[in-house]
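Chain and residue survey
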Amino acid sequence: MGVIATAVVVAALDVVVWVAAHDGAPVAAARPGGANVVAVIDASSGRVVDNVPVGRSPTLIASGFGGAWVLNKGEGTLTHIDEASRQVVATVPLDVTASDLTVGVGGVWLVGRMRGGVPQPLESAAVERIDPRTDRVNRRLQTQIGASVMAAAGRALWSTGLLPGRVRGAARSDPQTGATSQVDIEIYGDLIAADDQAAYWVGSSASRVARVSTRTGLLTSSMPLASDRSLAAGRVAPNPTGVVLGGGALWISAVDGSVLRIDPKLHGIVASIPVCKNALALAYGEGAVWVACGDATVVRVDPETDRSGPPIHVGGLPRGIAAGGGAVWVTLN
């Protein structure tokens, strides 16, 4: 399932990006170096202040430990950008064909299948942790969860993949030993976010979210992203593209360009915020929600008012977004 899930996730993202780029709204002209770069937005002014060249086909990006961490899908490397200087300090070759990137629990984590062409069971997946101080791999775990997406929080790694017996499901892994236990979330969640209190899985096809306590590892609540009344009225259920925690809420972006603000206990949808035509990804940081959109823009959502601001043109189609160190970091591919 490592290969299957990775292909599905990447293919789905590529389809969303293709639709966004061909949906009638012209993509803004690229700034110099507008491909294979990370656009840097000053979080205070909302202006693009830099473009940092990285590796081929940058996709995912995360912020933490004073750096922005970029997965270069086209060459199988991880770029470390110092957030203070906006300079690349290291490019790390990876031993895994990474399908996800997350920051927390002592380092920068990547999950995927080992390189080298050696046949591996579908349930097999490797997890690597990069030490942010040395930019070296300091932990490698071989798991039998076929993980394709992952979050690191609450002293554990939370993932979705193919469990032993080739059953799709969720799992909790010990970051020290790699010991894994199944987590019953009653859905297939292909998007995931976590903090020290809870882990959340969002099913893009089921249009549903599940919450698990990081203390007990047990499902505490679950809710649909569209009510029966809404569906009966002919409204289409949101197709989630991203999920993030911050500001006392769970935020979910959708293909239709909306962002849902959800109570962290899953007591209901607090707000549905129109942002743009196609929301590709989102991040929380620097006191706001930041949404990467298919018209080559980024939009700031104020969590105090649940209102979106004017579009910020980034000069290329965004693939990933993160916020930290006084800036918003956007991969352009």
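As the structure is a prediction and not an experimental result, all values here were calculated from the model.

What follows concerns the overall build of the protein chain. What the protein chain contains, in helices and strands, is 2 helices and 29 strands. Total accessible area computed for the protein chain in this model is approximately 13,900 Å², and 51% of it derives from carbon and sulfur atoms.

Now for unusual backbone geometry. Positive phi, close to 65 degrees, is recorded for A296, a residue that is not glycine. Here A296 shows up in the loop between strand 24 (288–293) and strand 25 (297–302). Note on A296: relative accessible area 0%, which makes it buried. The backbone of D306 shows a phi angle near 60 degrees, a positive value even though the residue is not glycine. In this fold, D306 is placed in the loop between strand 25 and strand 26 (307–308).

On average, residues of the protein chain score 87 in pLDDT, and 85% of them reach the 70 mark or higher. Here residues 1–33 is a poorly scored stretch, pLDDT under 50, and it has 51 contacts once near neighbours within four places are set aside; other chains count.

Now for the state of the cysteines. Per the stated rule, a full pass over the model turns up 1 disulfide. With its sulfur 2.2 Å from that of its partner, C276 forms a disulfide with C293. Across the disulfide from C276 to C293, rotation about the S-S bond amounts to roughly -90 degrees, and the bridge is consequently left-handed. One end of the pair, C276, is in the loop between strand 22 (269–274) and strand 23 (279–285); the other, C293, is in strand 24, with 17 residues separating them in the sequence. By the burial criterion, C276 is buried, and C293 matches it.

This next bit is on the environment of V52. As for its placement among the helices and strands, V52 is situated in strand 2 (residues 47–53). For V52 and N36, which are 16 residues apart along the polypeptide, the C-alpha to C-alpha distance reads 8.6 Å. Setting aside its immediate chain neighbours within four residues, V52 contacts N36, V37, V38, V40, I81, R86 and V88.

Glancing now at the sheet that holds strand 29 (residues 327–332). Strand order in the open sheet made by the 4 strands is 2-1-29-28, with antiparallel pairing throughout. In this open sheet, the two edge strands, each paired with only one partner strand, are strand 2 and strand 28 (318–324). For this sheet, the mean inter-axis angle between neighbouring strands, taken without regard to orientation, is 25 degrees.

Turning our attention to the nonpolar core. As a rule of thumb, nonpolar side chains are buried together in soluble globular proteins. Ranked by size, the top nonpolar core spans 18 residues in total, and within it I41, W290, V298, V314, I321, V328 and V330 carry the most contacts. Mapped by element, the contributors of at least two residues to this core are strand 1 (37–42), strand 23, strand 24, strand 28 and strand 29. Sequence-distant contacts of V298, that is, excluding residues within four places in its chain, are made with I41, W290, V291, A292, P310, P311, I312, V314, I321 and V330.

Rules used throughout
Here, residues in each chain are numbered from 1, in the same order as that chain's written sequence. Predicted model: local features are reported for residues with pLDDT of at least 70 only, side-chain atom pairs are reported and counted for 80 or more only, and whole-chain, interface and lining totals are derived from all residues. Hydrogens are left out, water is left out, and the side-chain values use all remaining heavy atoms of the structure. Helix and strand definitions follow DSSP, with helices as H or I runs of at least four residues and strands as E runs of at least two, each counted in order from the N terminus. Surface exposure here means Shrake-Rupley accessible area, sampled with a 1.4 Å probe, where a residue is shielded only by the protein chains that are shown. For the exposure calls, accessible area comes from a 1.4 Å probe over protein chains only, and a residue counts as buried if that area is under 20% of its type's maximum, exposed if over 50%, partly exposed in between. Each residue carries a pLDDT value, the predictor's own confidence for that position, ranging from 0 to 100. We call two residues in contact when some of their heavy atoms are within 4.5 Å. What counts as a disulfide here is a pair of cysteine sulfur atoms lying within 2.5 Å. Strand pairing is assigned whenever DSSP detects at least two bridges linking the two strands. As a rule, the C-alpha atoms of each element are fitted with a line to give its axis, helices using only the stretch in contact, and angles between N-to-C directions run from 0 to 180 degrees. Throughout, nonpolar core names a set of buried Ala, Val, Leu, Ile, Met, Phe, Trp, Tyr and Cys residues whose side chains join them through atoms within 4.5 Å.

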